[in-house]
Amino acid sequence: MLCFVERQARILSNVAVSVTMTVVMTGGMLFVHSGWCDNFLQLWLADFLIGCCIAVPTGLLIVPATSSWFALHTDKENDYAEPAFQPFERYAKLAPA
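Residues numbered from 1 in each chain as written. Predicted model: local features only at pLDDT ≥ 70, side-chain atom pairs only at ≥ 80, totals over all residues. Heavy atoms only, no water.

Peer 1: Residues and numbers for the packing of aromatic side chains, please.
Peer 2: Think of a pair of aromatic rings as described by two things: how far the centres are apart, and how the planes are tilted against each other in angle. Following the criterion strictly, the structure yields four aromatic pairs and no others. Ring plane angle 20 degrees and centroid distance 5.1 Å describe the contact between Trp44 and Phe48, whose orientation is recorded as stacked. Taken together, the positions of Trp44 and Phe48, both in helix H2 (residues 40–72) and four residues apart, correspond to about one turn of that helix. As far as burial versus exposure is concerned, Trp44 and Phe48 are alike and both buried. Taken together, a centroid distance of 5.0 Å and an interplanar angle of 85 degrees make the contact between Trp69 and Phe70 edge-to-face. Through pairs of rings, three or more aromatic residues link up here, namely Phe31, Trp36 and Phe40. (Phe/Tyr/Trp six-rings, centres within 6.5 Å; stacked < 30°, edge-to-face > 60°. Helix = DSSP H or I, 4+ residues; strand = E, 2+ residues; numbered from the N terminus. Buried < 20%, exposed > 50% of the residue type's maximum accessible area, 1.4 Å probe, protein only.)

Peer 1: Now, about the environment of Ala55: what can you tell me, with residues and values included?
Peer 2: Tracing the chain through its elements places Ala55 in helix H2. According to the relative accessible area criterion, Ala55 is partly exposed, its value standing at 21%. Here the alpha-carbon distance between Ala55 and Asn14, two residues 41 residues apart in the chain, equals 9.8 Å. The residues touching Ala55, leaving out its near neighbours within four places in the chain, are Ser18 and Thr22. (Contact = heavy atoms within 4.5 Å.)

Bear in mind that shape data such as this cannot, by itself, settle questions of function.
Next comes the structure, spelled out in structure tokens:
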């Protein structure tokens, strides 16, 4: 059974998500633009490698920054924070108790 240190797990998770998204996006975009052709896998592999060279470093930089930002702006005292938009709140005041 594999057991990672927390820092290793975060890095590997970021890399895995980046690679997975690159597989899906490059394959999907190539299929939409070119359709299925004889050399689809060869074309896709080239796009995939270029995409990984961009996605993995970007993921390693962006994910920790966004995680820190959201952690900073998260209400940790309450399990439930009031939503910013409550469209039917004004109607609740009109309803009989």
